Amino acid sequence: MVVERRHTDRRSAGGIGLSHRILFRRIAHSVPARHPGVADTSRGVGRRHAGDRALMILGIIAVYLAMVLFVGFASHRLFRGTGEDYFVASRSIGPFLLLMSLFGTNMTAFAILGASGEAYHAGIGVFALMASISALVIPSVFFFIGTRVWSLGKRHGFITQVQYFRQRWDSDAVGAVLFVVLIALLIPYLLIGVMAGGLTLSQITKGQVPEWTGGLLVCVVVMTYVCYGGLRGTAWVNAFQTMVFTILGGVAFWVIIGQLGGLETAIATVGASHPELLIRGENIKPLKLLTYTCIPLSVGMFPHMFMHWLTAQRAETFRVPLILYPLCIAAVWVPSVILGVVGHIDFPNLAGPAANSVLVRMIDLHAPEVLAGLLAAGVFAAVMSSLDSQVLSVGTMFTQDVVRHYGFHGRMSERQQVFWGRAFVALILTITYIIAQVSQRSIFQLGVWSFTGFASLFPIVVAALFWRRSTKYGALASIGTVVVLWTYFLTRGWQVRGYTVGGEGIMPVAVIILAAAASMIVVSLATSPPSPGVVDRFFPARK
């Protein structure tokens with residue numbers, strides 16, 4: 001009877017059957033029929049077992065978080081007590097730490113949970129949408145934008161990107177408007193980390209720990225080591241956590257795939273019931289694939305990436321990130337996407353945002369208890385390695401671009417800078433946590449719309465770095481164009497899964513970038529050029 005009741009729909013006529021390992025696991029997880037008069041003693045045992053498992057997993061996560069705090073506190077021994085040291089680590093970060101910081105802060109829960117959730121719905125083509133394109137575009141942005149930003153920051157003492165743009169066009173208006181836009185775009189990005197922390201802990205403990213607890217735990221730990229260690233503490237912790245989630249992500253992949261009978265068997269099983277997930281198909285149109293190339297340009301305007309660029313010790317420090325970043329992307333995205341696709345084997349009917357949890361569900365189902373705790377810690381590592389840098393960058397902007405610039409008019413002691421930086425970090429995390437409790441959005445969609453906004457601002461940094469004739473009015477027009485078009489497309493496409501412009505496969509980001517670049521060019525040419533003194537400061541004559 002058990003054999004007859006088991007998921008016979010998973011095998012099409014003449015199709016590929018289930019492996020022995022999958023077959024055995026299905027039998028083991030089947031619920032035998034009971035006589036109505038027989039007491040169900042298994043429920044109490046099941047609850048006790050689930051409780052013991054949850055305690056073990058929580059214990060492992062607690063040990064991991066203690067290690068994270070230790071690393072953050074250890075970095076404080078090198079703290080110099082200055083604002084520059086707190087916000088940009090005195091520009092002393094070497095090649096390895098820079099690679100780990102840049103990769104860790106950019107590989108958020110969007111890549112770990114969001115990618116697997118999107119692959120669950122759209123299939124293997126999700127890797128081409130983001131990962132393969134990012135592996136080419138992001139190192140290029142590091143080379144052409146990051147190195148120049150570092151050089152200008154070191155020469156002029158910039159700590160935030162708003163400081164650079166304000167002085168580049170000698171305009172408080174540009175700085176103020178850009179500050180508001182950057183903060184607004186970063187809020188959904190911050191939500192991703194807090195939501196993912198709560199989702200992971202709740203799923204891995206089978207709901208015994210509510211989602212609000214996981215999110216709170218992430219916020220408290222991040223707040224502690226960021227407030228105490230500043231950017232150096234963040235960089236040290238990022239290096240540790242990036243290695244943790246990369247290694248444990250690989251372990252999770254091989255354990256789960258092994259339980260499914262091997263990669264070939266797992267892919268064949270999915271292909272028998274959902275062949276559309278193994279090809280690009282109609283889920284990803286050619287124009288969508290092409291215009292998705294614009295999304296990774298967002299790294300050129302991320303406040304946290306700007307901040308990490310400014311920490312480099314010298315120009316040669318960028319060499320290691322340029323070479324190894326693509327390999328790091330492959331190490332994280334390949335397992336995430338494949339596990340999202342094969343998640344249909346065990347969880348065939350996840351709808352909408354519920355797919356965000358497919359990776360955690362599979363870890364919970366297939367991994368032994370201790371390993372499940374370690375893998376959950378790996379997801380926490382991915383969450384915190386990005387959330388910390390994002391929160392610190394926002395705290396830095398509030399301190400330097402609002403309090404110091406407008407409140408103290410540039411005069412602010414080192415101790416005051418550190419105090420206000422810590423205060424804003426705590427405030428931002430508190431607000432983010434509260435918003436996360438009422439947000440029920442897809443992690444992937446939150447990430448895509450956030451990236452769309454930042455990528456749309458890319459023409460501004462290109463003009464600032466490479467076009468002498470660009471003006472503050474051109475910059476304001478470009479920012480205004482981004483705000484209007486981004487809001488328009490958001491209101492039209494937020495509720496539509498896979499929204500493209502006119503349904504033709506064109507991503508909104510491509511349209512907004514073109515419009516923003518046109519606004520910058522037309523308005524700059526129509527207005528007076530910047531003063532020679534400003535131009536000479538940022539474009540010194542070559543000797």
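Residues numbered from 1 in each chain as written. Predicted model: local features only at pLDDT ≥ 70, side-chain atom pairs only at ≥ 80, totals over all residues. Heavy atoms only, no water.

Helix and strand content of the protein: 22 helices and zero strands. Relative to its 543 residues, the protein shows a buried fraction of 55%. Sequence-distant contacts, at least 24 apart, represent 86% of the contacts inside the protein between residues at least 6 apart. Put simply, the protein shows about 22000 Å² of open surface, and 66% of that area lies on carbon and sulfur atoms. (Helix = DSSP H or I, 4+ residues; strand = E, 2+ residues; numbered from the N terminus. Buried < 20%, exposed > 50% of the residue type's maximum accessible area, 1.4 Å probe, protein only. Contact = heavy atoms within 4.5 Å. Areas by Shrake-Rupley, 256 points an atom, 1.4 Å probe, with all protein chains shown as cover.)

Moving on, we come to a nonpolar patch on the surface. Among the surface-exposed residues, Ile187, Leu427, Ile431, Ile435 and Val438 lie close enough to one another that they form a single nonpolar patch of about 420 Å² accessible area. Per element, the largest residue contribution to the nonpolar patch is three residues, and it comes from helix α17 (residues 414-436). When you line up the elements, leucine 427 lands in helix α17. For leucine 427, a relative accessible area of 44% puts it in the partly exposed group. (Patch = residues over 30% accessible without salt bridge, like charges linked within 9 Å, V, L, I, M, F, W, Y side chains within 5 Å. Salt bridge = Lys/Arg side-chain N within 4 Å of Asp/Glu carboxyl O.)

Put simply, helix α9 (residues 172-204) and helix α16 (residues 369-407) touch, their axes get as near as 9 Å, and they point 160° apart. The angle between the axes of α9 and α16 places the two elements in the roughly antiparallel class. Relative to α16, α9 is oriented so that their crossing is left-handed. Split into classes, the residues belonging to the contact of α9 with α16 amount to 23 nonpolar, six polar and two charged. (Axes fitted to C-alpha atoms, helices over the stretch in contact; angles between N-to-C directions. Parallel < 35°, antiparallel > 145°, perpendicular 65-115°, else oblique. Left-handed = near helix turned anticlockwise from the far one by under 90°. Nonpolar A, V, L, I, M, F, W, Y, C, P; charged D, E, K, R; others polar.)

Right, let's get into the packing of aromatic side chains. On inspection of all chains with the given rule, the structure shows 24 aromatic pairs. Seen from their ring centres, phenylalanine 143 and phenylalanine 144 are 5.0 Å apart, and the 85° between their planes marks the pair as edge-to-face. For phenylalanine 144, a relative accessible area of 44% translates into the label partly exposed. Through a chain of ring-to-ring contacts, three or more aromatic side chains come together here, namely Phe103, Phe142, Phe158, Tyr164, Phe165, Trp169, Phe245, Phe306, Trp309, Tyr325 and Phe538. One residue, arginine 361, lies across the ring of phenylalanine 347, its end atom 5.8 Å from the ring centre. (Phe/Tyr/Trp six-rings, centres within 6.5 Å; stacked < 30°, edge-to-face > 60°. Lys NZ or Arg CZ within 6 Å of the ring centre and 35° of its normal.)

As a further point, take unusual backbone geometry. Positive phi is not limited to glycine here, since alanine 89 has a value of about 55°. One can find alanine 89 in the loop between α4 (83-88) and α5 (95-106). Phi at arginine 91 is positive, roughly 55°, even though this residue is not glycine. Looking at the element boundaries, arginine 91 is found in the loop between α4 and α5. For arginine 91, a relative accessible area of 7% corresponds to the buried category.

So, about the nonpolar core. Grouped together as the largest cluster of nonpolar side chains are 173 residues, with contacts concentrated most on Phe165, Val342 and Met384. With 19 residues, helix α10 (residues 211-259) is the largest single contributor of residues to this core. If we ignore the near neighbours within four places in the chain, the residues touching phenylalanine 165 are Val174, Leu178, Met301, Phe306, Ile460, Val461 and Ala464. (Core = buried A, V, L, I, M, F, W, Y, C linked by side-chain atoms within 4.5 Å.)

So, about the side chain of histidine 366. Structurally, histidine 366 can be placed in helix α15 (residues 358-366). Look at histidine 366 and you get buried, because its relative accessible area is 6%.

Another point: the side chain of serine 202. Within the secondary structure, serine 202 sits in helix α9. Looking at serine 202, the relative accessible area reads 11%, which means it is buried. Apart from residues lying up to four places away in sequence, serine 202 is in contact with Gly207, Val209, Pro210 and Glu211.

Let us now look at the pattern of salt bridges. Under the criterion given, the structure shown has five salt bridges. Here glutamate 84 and arginine 91 are joined by a salt bridge, their closest N and O atoms 3.0 Å apart. The partly exposed category is assigned to glutamate 84, whose relative accessible area is 34%. With its nearest N and O atoms 3.6 Å apart, the salt bridge here joins arginine 166 to aspartate 172. When its relative accessible area of 41% is taken as the criterion, aspartate 172 is described as partly exposed. Sharing partners across several salt bridges, the network here consists of Arg80, Asp85 and Arg232.

The end-to-end C-alpha distance of helix α14 (residues 319-342), which contains 24 residues, comes to 36 Å, matching closely the 34 Å that a straight helix rising 1.5 Å per residue would cover. Its axis deflected by about 40° at tyrosine 325, α14 carries its strongest bend there, up to four residues before the proline proline 326. (Expected span 1.5 Å × (residues − 1). Bend = angle between axes of the 7 residues up to and from the residue.)

Take the packing of α10 against α17 next. The axes of two packed helices give the description: the angle between them and the distance between them. Two numbers describe how α10 lies on α17: the axes approach to 10 Å, and their chain directions differ by 170°. In terms of orientation, α10 and α17 fall into the roughly antiparallel class. Here α10 contributes Trp212, Gly215, Leu216, Cys219, Val222, Met223, Val226, Cys227 and Tyr228 to the contact with α17, which in turn contributes Arg422, Val425, Ala426, Leu429, Thr430 and Tyr433. Looking at side-chain class alone, the contact of α10 with α17 contains 12 nonpolar, two polar and one charged residues.

Along its 22 residues, helix α20 (residues 472-493) runs 31 Å from first to last C-alpha, staying within 8% of the 32 Å computed at 1.5 Å per residue. Those residues of α20 lying buried are Gly474, Ala475, Ser478, Ile479, Thr481, Val482, Trp486, Phe489 and Gly493. Buried residues of α20, seen end-on, are gathered within an arc of 160° and therefore sit on one face of the element. Within α20, the exposed residues directed more than 90 degrees away from the buried face are Val484 and Thr491. (Arc of directions from axis to C-beta.)

On to the environment of alanine 516. Mapped onto the elements of the fold, alanine 516 is located in helix α21 (residues 508-526). We classify alanine 516 as buried; its relative accessible area is 0%. Expressed as a C-alpha distance, the spacing of alanine 516 and valine 482, which sit 34 residues apart in the sequence, is 6.1 Å. In this structure alanine 516 touches Ser456, Pro459, Ser478, Thr481 and Val482, once residues within four positions along its chain are discounted.

Moving on, we get to the environment of valine 126. With respect to the secondary-structure elements, valine 126 resides in helix α7 (residues 126-156). C-alpha separation for the pair valine 126 and valine 341, spaced 215 residues apart in sequence, amounts to 9.9 Å.

The quantities given are spatial measurements derived from coordinates; they are silent on function.
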